[in-house]
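A closer look at the structure
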Amino acid sequence: MDVMGDVAATEKSLRRFLHGLPGVDEVGARARAGTLASRSIKADSKRQALDLAISVIDLTTLEGQDTPGKVRAMCAKARQPGFGAPPVAAVCIYPDLVPVAVAGVAGTEIHVASVATAFPSGRAALDVKLADVKSAVAAGADEVDMVIDRGAFLCGRYQLVFDEIAAVRGACGDAHLKVILETGELGTLDNVRRASWLAMLAGADFIKTSTGKVAPAATLPVTLVMLEAVRDFAGAAGSGGRRVGVKAAGGIRAAKDAIRYLVLVNETAGEDWLDPRFFRIGASSLLNDLLMQRARMQTGRYSGPDYMTVD
């Protein structure tokens, strides 16, 4: 399949392509995800998995009560999580707090990600969404997390969604674009597959499960379908082998769950995706549990949450 040759950005061609994708066996996808989630790993591999999980985190705060002080504290933790752990991949905040985050991670390789495009609803005119993006990038964000218009997608207005993503991709300039599908509102795994391909065709650098504001957020079956999509996209004729990343966000709080996602990535997309450039976990409280598990493996003793900073 020559994805670039077969698909022009017209409603008819997009519909033909997206509805021509193989259907998702929902029972099979859930069974496959459950089987992979049940795998155990040895102690040495677990140590490596804990550090890898920390290194792919987008440490996030997206609350109306966020303050510059909270973001500065989060950036300090992102730089030096503690217990000898590696720094996280990125910090993710609202656009107005981007300058604080940029200063907070200066001198490191930690990225600054900003949500945009009327997050989390996506209900705004395109010019407002683009202004939101341009403001974040001008302030120093090198990653932008946008939300798609789920209403338009569910109505089958694929060209509108495609055009908005492409326009945001243009407004990002050199910044990477993560496209949030809000899978909890898409209804079916077939829709998750279609939305994943639509975002990639429009220029997404990452596809992301959720805003974290809608339940269910990230789930293993949904992430499995998205990983299959990025794998197949990279192998499709006309894609130039372009590798798109996946970000699982929302509801991932325990170290054991993070490790399950890493197993899922390795077994579905392959080892090449086990890298912060191509896989992220968006989380706020997960880091503390990973650090507690890491400390236990180092010392043989379990440190409770009272020994961790409160995010």
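Shown above is the structure to which this text applies.
As the structure is a computational prediction, the values presented were derived from the model and not from experiment.

What counts as what
- Counting of residues starts from 1 at the beginning of each chain's written sequence and follows it residue by residue.
- This being a predicted model, a pLDDT of at least 70 is required before a residue's local features are given, and a value of 80 or more before pairs of side-chain atoms are given or counted; all residues contribute to the totals for chains, interfaces and linings.
- Side-chain descriptors were evaluated using all non-hydrogen atoms of the structure, hydrogens and water having been removed beforehand.
- The criterion for strand pairing is that DSSP finds at least two bridges linking the strands in question.
- For the purposes of this entry, the term helix denotes a DSSP run of H or I that reaches at least four residues, the term strand denotes a run of E that reaches at least two, and both are numbered from the N terminus.
- Angles here are taken between N-to-C directions and fall from 0 to 180 degrees, while the axes themselves are lines fitted to C-alpha atoms, restricted in helices to the stretch in contact.
- It only takes one pair of heavy atoms within 4.5 Å for two residues to be counted as in contact.
- The term polar contact refers here to a pair of N or O atoms within 3.5 Å; inside protein, the definition further demands a hydrogen-donor-capable atom paired with an acceptor-capable atom, and it admits residues adjacent in sequence only when both atoms are side-chain atoms.
- Cavities and pockets are found on a 1 Å grid laid over the protein atoms alone: a cavity is a set of points where a 1.4 Å probe fits but cannot escape, a pocket is an open set with protein on both sides within 12 Å along at least five of seven lines, and a lining residue has an atom within 4 Å of such a point.
- Grid points are joined across faces, edges and corners, and a volume is the space filled by probe spheres set on the points.
- Each residue is assigned to one of three groups, with Ala, Val, Leu, Ile, Met, Phe, Trp, Tyr, Cys and Pro labelled nonpolar, Asp, Glu, Lys and Arg labelled charged, and all others, Gly among them, labelled polar.
- Whenever a pair of cysteine sulfur atoms sits within 2.5 Å, that pair is classed as a disulfide.
- What makes a salt bridge here is a side-chain nitrogen of Lys or Arg within 4 Å of a carboxyl oxygen of Asp or Glu, nothing more.
- Only protein chains enter the area calculation, which uses a 1.4 Å probe; residues under 20% of their type maximum are buried, those over 50% are exposed, and those in between are partly exposed.
- Each angle receives one of four descriptions, namely roughly parallel if under 35 degrees, roughly antiparallel if over 145, roughly perpendicular if within 65 to 115, and oblique otherwise.
- For any pair of crossing helices, the crossing counts as left-handed if the nearer helix is rotated counterclockwise from the farther one by less than a right angle, and right-handed if it is rotated clockwise.
- When the strands point away from the viewer, a crossover counts as right-handed if the route from the first strand across the helix to the second turns clockwise.

Describing the sheet that holds strand 1 (residues 57-60)
One closed barrel holds the 8 strands; their spatial order is 1-2-3-4-5-6-7-8, and the pairing between them is parallel. With direction set aside, neighbouring strand axes in the sheet form an average angle of 25 degrees. For strand 1 and strand 2 (residues 90-93), the ladder comprises 3 bridges, and the chain directions are parallel. Its bridge partner being in strand 2, T60 is matched across the sheet by C92. On top of the sheet, helix 5 (residues 68-79) reaches strand 1 and strand 2; it is set at about 160 degrees to strand 2, its chief contact.

So, the side chain of D66
By the secondary structure assignment, D66 is in the loop between strand 1 and helix 5. In terms of polar contacts, D66 uses its side chain to reach the backbone amide nitrogen of L62, at 3.5 Å. A distance of 3.3 Å separates the side chain of D66 from the side chain of K70, its partner in a polar contact. With near-sequence residues (within four places) excluded, D66 lies in contact with T61, Y94 and L97.

Some words on the layout of surface pockets
Picture a little ball the size of a water molecule; that probe, rolled over the atoms, points out where space is still empty. Each pocket or cavity is described by its volume, and for the second largest pocket that value is around 220 Å³. Forming the boundary of the second largest pocket are I41, S45, Q48, A49, L52, I259, L262, V263, N266, E267 and L274. Elements with a contribution of two residues or more to the lining of the second largest pocket: helix 4 (43-55) and helix 12 (255-268). The element contributing the most residues to the lining of the second largest pocket is helix 12, with 5 residues. Looking at the lining of the second largest pocket residue by residue, the classes come out as 7 nonpolar, 3 polar and 1 charged.

Considering the state of the cysteines
Think of a disulfide as a covalent bridge from one cysteine sulfur atom to another cysteine sulfur atom. In total, this model carries 0 disulfides according to the counting rule given. In this structure C92 is a free cysteine whose sulfur lies 11 Å from that of C75, the closest cysteine sulfur available.

Some thoughts on the pattern of salt bridges
Scanning the entire structure with this criterion turns up 23 salt bridges. Where R280 meets D58, a salt bridge forms, and the shortest distance between an N and an O atom there is 2.8 Å. Here R280, found in strand 8 (residues 279-283), pairs with D58, found in strand 1; they are 222 residues apart in sequence, far enough to count as distant. With respect to burial, R280 and D58 carry one shared label: buried. Its salt-bridge partner being K178, residue E143 comes within 2.6 Å of it at the nearest N-O pair. Here E143 is found in strand 4 (residues 143-147), whereas its partner K178 is found in strand 5 (residues 176-180), with 35 residues between them in sequence. Considered together, E143 and K178 belong to a single accessibility category, that of buried residues. The structure contains a network of salt bridges with shared partners spanning D58, E143, D145, K178, K208, K247 and R280.

Description of the packing of helix 4 against helix 13 (residues 286-299)
At a minimum axis separation of 10 Å, helix 4 and helix 13 run at an interaxial angle of 150 degrees. As summarised for this structure, helix 4 and helix 13 are arranged roughly antiparallel, according to the angle between their axes. In terms of crossing hand, the pair formed by helix 4 and helix 13 is left-handed. Residues A43, K46, R47, L50, D51, A53 and I54 of helix 4 form the contact with helix 13, whose participating residues are L287, L290, L291, Q293, R294, R296 and M297. Looking at the contact of helix 4 with helix 13, its residues break down into 8 nonpolar, 1 polar and 5 charged.

What about the pairing of strand 4?
The side chains of a regular strand alternate between the sheet's two faces. Most of strand 4 sits inside the fold, with 5 of its 5 residues counted as buried. For strand 3 (residues 111-115) and strand 4, the ladder comprises 3 bridges, and the chain directions are parallel. Note on strand 4: the bridge partner recorded for A113 is E143. In this view, the connection linking strand 3 to its parallel neighbour strand 4 by way of helix 7 (residues 126-138) has right-handed handedness. With 5 bridges joining them, strand 4 and strand 5 adopt parallel strand pairing. Of the residues in strand 5, the one forming a bridge with V144 is L177.

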